[in-house]
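Coordinate analysis (summary)
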Amino acid sequence: METLFFAIVSLVAIISAILVITCKNPINSALSLIMTFFCLATYYVMLDAPFMAAVQVMVYAGAIMVLIVFTIMLLNIRVNATQKHSHRILLGSIIGFFTLINTIVLLVKSQAAKPVGPFTGDMIRNIGHSELIGREMFTTFLLPFEITSILLLVAIVGSVILAKKNI
Amino acid sequence: MLGAYLPILLLVIVAVGFGLCSLVFSSLIGPKKISALKLSPYESGCEPVGTARERFSIKFYLIAMLFILFDIEAVFLYPWAILYKKLGVFGLVEMGLFIVILFVGYIYVWKKGALEWE
Amino acid sequence: MGIEILGLPMMYYIAMLAKVLVAFVFVLLTVAYATYAERKIIGHMQVRLGPMRTGWHGLLQPIADGVKLFFKEEIIPSQASTFAFLIAPLIALIPAFITFAVIPFGGTIEIMGYKIPMQVAAYYDTTAGQVFDVNVGVLYILAMSSLGVYGIVLAGWASNSKYSLMGGLRASAQMISYELSAGLSIIAVFMLSGTLSLTKIVELQSGMGGFEWYVFKQPLAAFMFFICALAEINRTPFDLPEAETELVSGFCTEYSSMKYAMFFMAEYANMVTVCALTTTLFLGGWNGPFAVAVPLLGPVYFVAKVYFLMFFCMWIRATVPRYRYDQLMHLGWKVFLPLALVNIVVTGIIGYFI
């Protein structure tokens, strides 16, 4: 049953991912991308990671896609302004092909289909997923967490400079 | 685990079904007397001038960008908030540092006038 | 109860179906009668009578409105982007209706030996002997409400009309700004509760005859959250996207028939969700006198609190004039955002010393 559900979600994810690059209208592409993010969130729920699922929807679908939709509206891309570049499609398919091979090799080598690591499903159920993430983030990975704040600061400064020409 | 999420799926199906049904049935039932004037965009009774899809203020774009950055900050705050009693004073200091660094960015945004609306 | 599907007993599925239907019908009926109540209450506050013609004191007014909108002509403007135009009301409506799933509206009742928690997205696990719910309930609500913005921005863009576009843009900028402040202002509550699960947050507020409610421990957070949430769902006094005097009807100017009604329903459903979430986080949820002893009293208290807050929203609408757009953005970014951060820091420091 879980496999069937996984197959349905995957099918939706793949179809909407294909629609992202085939839609003529960029807004429809953005909508398909939101659908893809939603399917990713569903995967996280199935992997016992509800916190990641909520963050996935909040940050990617809820915040970053708003910016992308705004950008599409701001640039006002005409539907027929997009041209076909056959050499780019070729380049893209070569990169895609090698990424696919890479993924298959990694999957076979690492046995990623089995759950690995110290955190089991029972542990997540009893302690809570957000608690586990928080505990790791604020003890073991403290330095990366503080560096994130510097990264966000740089991004804030950068966005203001980008948006305001006459500073 | 699954048991808590199945109802959400069912509720999504019910909501989508309700929305689609009311869209389809109302469009089937409603009258259709189309005329060119009826289908033109509303502009308080005047002839529509130009297209609506002009470029708009960069302000909105900036707000969306700042929203992403502060939203990520909020996402870091949630796991911290539920753990802060267990982390003790150490947790308070590390999150204090995090908030202070971002507050510097916030003050920069304010001083540069990015939050002003004319 | 011999039959099991996916490791869950048959009663689970019956209970699930019943709870989903109850929640959906509750939201739908509340939305319908909130429109009537709003007209009636504001009418009386302005020394008018409000709707009186349809039924006794106009009680059938929402049904009449619904039927009228259902039979109206559907107009898709010739310059609109058809797909986005059609899907926008759905995107606005669906998140508004499914956010209610994680809100607990009562304690646990027992039917035929099977315990049922009165919350849509929760169940009682007989082997573990405890209730499992969505343990990131609050984040689920925030994530869903962040999707509502697409319905409005798409409606504005797809209509290809100047009023719609301006309304949609204003609305989306306002919604994301206040979503941020609302999300930050409730963090102080989780610092006290130590969990994101709404069931546990309600349990923590049960003692001391109501004085354990978080509204008494975090009055500033409660105030900020309620105001920010009102602004996020575009209620008065922050209903700038639909400012009739400037923008005709904002993002839904070009919409007619059921599609217009769906935006309307989404707006009121969001109001129900906001009031229910405020009740759960700050007003003790379904807690009340004898609510633990008599489980059926829980939903009564819950609904009473939600309706009181909804009445409060309508009262605000009748009292406070509309904000100006620059004032609105200043309030969100320059007042509520730093205030929420300061509140978090102060709560952290005080909580450490006590």
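Residues numbered from 1 in each chain as written. Chains lettered and ligands numbered in written order. Predicted model: local features only at pLDDT ≥ 70, side-chain atom pairs only at ≥ 80, totals over all residues.

Here we come to the overall build of chain A. A count of helical and extended segments in chain A gives seven helices and zero strands. In chain A, the order of α-helices and β-strands from amino to carboxyl end is α-α-α-α-α-α-α. Residues counted as buried form 25% of the 167 residues belonging to chain A. A sequence separation of at least 24 residues applies to 48% of the contacts in chain A between residues at least 6 apart. (Helix = DSSP H or I, 4+ residues; strand = E, 2+ residues; numbered from the N terminus. Buried ≥ 20, exposed ≤ 12 C-beta atoms within 10 Å, placed from the backbone. Contact = placed C-beta atoms within 7 Å.)

What follows covers the overall build of chain B. Per the secondary structure count, chain B includes two helices and zero strands. Within chain B, the fraction of its 118 residues that count as buried is 36%.

What follows covers the nonpolar core. In this structure, A:Ala54, C:Phe97, C:Leu139 and C:Ile187 are the most contacted members of the largest nonpolar core, which totals 187 residues. When residues of this core are assigned to their parent elements, the largest contribution, 26 residues, is made by helix α2 (residues 58–111) of chain B. Leaving out residues up to four positions away in the same chain, C:Ile187 has contacts with B:Leu77, B:Tyr78, B:Ala81 and C:Ile344. (Core = buried A, V, L, I, M, F, W, Y, C linked by C-beta atoms within 7 Å.)

Attention now moves to the interface of chain C and chain B. Quoted interface sizes are often the accessible area lost when the parts come together. Taken together, the 64 residues of chain C in the interface contact 55 residues of chain B. If you list the elements that add at least two residues to the side of chain C that touches chain B, you get α1 (10–45), α3 (82–98), β5 (122–125), β6 (130–133), α6 (162–185), α7 (187–193), α12 (257–282) and α14 (325–353) of chain C. With ten residues, α6(C) is the single largest residue contributor to the side of chain C that touches chain B. Counted by class, the side of chain C that touches chain B contains 43 nonpolar, eleven polar and ten charged residues. (Nonpolar A, V, L, I, M, F, W, Y, C, P; charged D, E, K, R; others polar.)

In this section: the domain arrangement of chain A. Residue and element names in this part refer to chain A. The assigned domain composition of chain A is domain 1 (1–78) and domain 2 (113–167). With centres defined by C-alpha atoms, the gap from domain 1 to domain 2 works out at 21 Å. Opposite the four residues of domain 1 that make contact, domain 2 presents five residues. Classifying every residue of the side of domain 1 that touches domain 2 by side-chain character gives three nonpolar, no polar and one charged. (Domains from an automatic or database assignment.)

Another aspect to go through is the environment of A:Val9. Residues and elements named next belong to chain A. With respect to the helices and strands, Val 9 occurs in helix α1 (residues 2–22). A tally of 18 C-beta atoms within 10 Å means that Val 9 is categorised as partly exposed. Residues Val 9 and Leu 40, 31 residues apart in the sequence, show an inter-C-alpha distance of 8.7 Å.

This brings us to the pairing of strand β4 (residues 114–117) of chain C. A regular strand places its side chains on the two faces of the sheet in alternate fashion. Note that strand β3 (residues 108–111) of chain C and β4(C) share four bridges and pair antiparallel. Following the sheet pairing, C:Thr108 is matched in β4(C) by C:Pro117. (Pairing = 2+ DSSP bridges.)

It is worth spelling out the interface of chain B and chain A at this point. Contacts between the two partners involve 37 residues from chain B, matched on the other side by 35 residues from chain A. For the side of chain B that touches chain A, the element with the most residues is α2(B), which contributes 30 residues.

Let us look at unusual backbone geometry. All names here are of chain C. Even without a glycine there, the phi angle at Val 47 is positive, about 55°. Mapped onto the elements of the fold, Val 47 is located in the loop between α1 and α2 (61–70). Residue class for Val 47 comes out exposed when judged on the 6 C-beta atoms lying within 10 Å of it. Here Asn 234, not a glycine, exhibits a phi torsion of approximately 60°, which is positive. Among the secondary structure elements, Asn 234 is positioned in the loop between α10 (219–232) and α11 (244–247).

Right, let's get into the packing of helix α6 (residues 129–139) of chain A against α2(B). Here α6(A) crosses α2(B) at 25°, and the two axes come no closer than 8 Å. With respect to α2(B), the axis of α6(A) lies roughly parallel. In this structure, α6(A) crosses over α2(B), and the sense of that crossing is right-handed. Contact residues: A:Ser130, A:Glu131, A:Ile133, A:Gly134, A:Arg135, A:Met137 and A:Phe138 in α6(A); B:Tyr78, B:Pro79, B:Trp80, B:Ile82, B:Leu83, B:Leu87, B:Gly91 and B:Glu94 in α2(B). (Axes fitted to C-alpha atoms, helices over the stretch in contact; angles between N-to-C directions. Parallel < 35°, antiparallel > 145°, perpendicular 65-115°, else oblique. Left-handed = near helix turned anticlockwise from the far one by under 90°.)

Residues and elements named next belong to chain C. With respect to the secondary-structure elements, Ile 41 resides in helix α1. A residue is classified by how many C-beta atoms lie within 10 Å of it, and Ile 41, with 18 of them, is partly exposed. Along the backbone, Ile 41 and Ala 318 are 277 residues apart, and their C-alpha atoms lie at a distance of 8.6 Å.

Next up on the list: the domain arrangement of chain B. Under the domain assignment used here, chain B contains domain 1 (1–30) and domain 2 (57–118). Here the C-alpha centroids of domain 1 of chain B and domain 2 of chain B sit 37 Å apart.

Another point: helix α3 (residues 50–75) of chain A. Compared with the 38 Å implied by 1.5 Å per residue over 26 residues, the 36 Å span of α3(A) between its first and last C-alpha is a close match. The sharpest bend along α3(A) reaches about 35° and sits at A:Met65. (Expected span 1.5 Å × (residues − 1). Bend = angle between axes of the 7 residues up to and from the residue.)

So, on to the packing of α3(C) against α12(C). Axis angle and axis distance: for two packed helices, these are the angle between their axes and the distance between the axes, and together they describe the pair. Residues and elements named next belong to chain C. At a minimum axis distance of 8 Å, the contact between α3 and α12 shows a crossing angle of 25°. For the element pair α3 / α12, the angle class is roughly parallel. In this structure, α3 meets α12 at a crossing whose hand is left-handed. Contacts between α3 and α12 involve Pro 89, Ala 92, Leu 93, Ala 96 and Phe 97 on the former and, on the latter, Lys 259, Met 262, Phe 263, Met 265, Ala 266, Ala 269, Asn 270 and Thr 273. Within the contact of α3 with α12, the residues separate by chemical class into ten nonpolar, two polar and one charged.

The periodicity of an α-helix, 3.6 residues per turn, causes residues three or four positions apart to be oriented the same way. For helix α1 (residues 2–29) of chain B, which comprises 28 residues, the first-to-last C-alpha distance of 40 Å matches the rise-based estimate of 40 Å (1.5 Å per residue) to within 8%. Buried residues of α1(B): B:Ala4, B:Pro7, B:Leu10, B:Leu11, B:Ala15, B:Gly19, B:Ser22, B:Leu23 and B:Ser26, and no others. Residues of α1(B) that are buried sit in contact with α1, α2, α3, β5, β6 and α12 of chain C.

Here the focus is the environment of C:Ala15. All names here are of chain C. Note that Ala 15 resides in helix α1. By the C-beta count within 10 Å, which is 22 here, Ala 15 ends up buried. For the pair Ala 15 and Ala 143, spaced 128 residues apart in the sequence, the C-alpha separation amounts to 26 Å.

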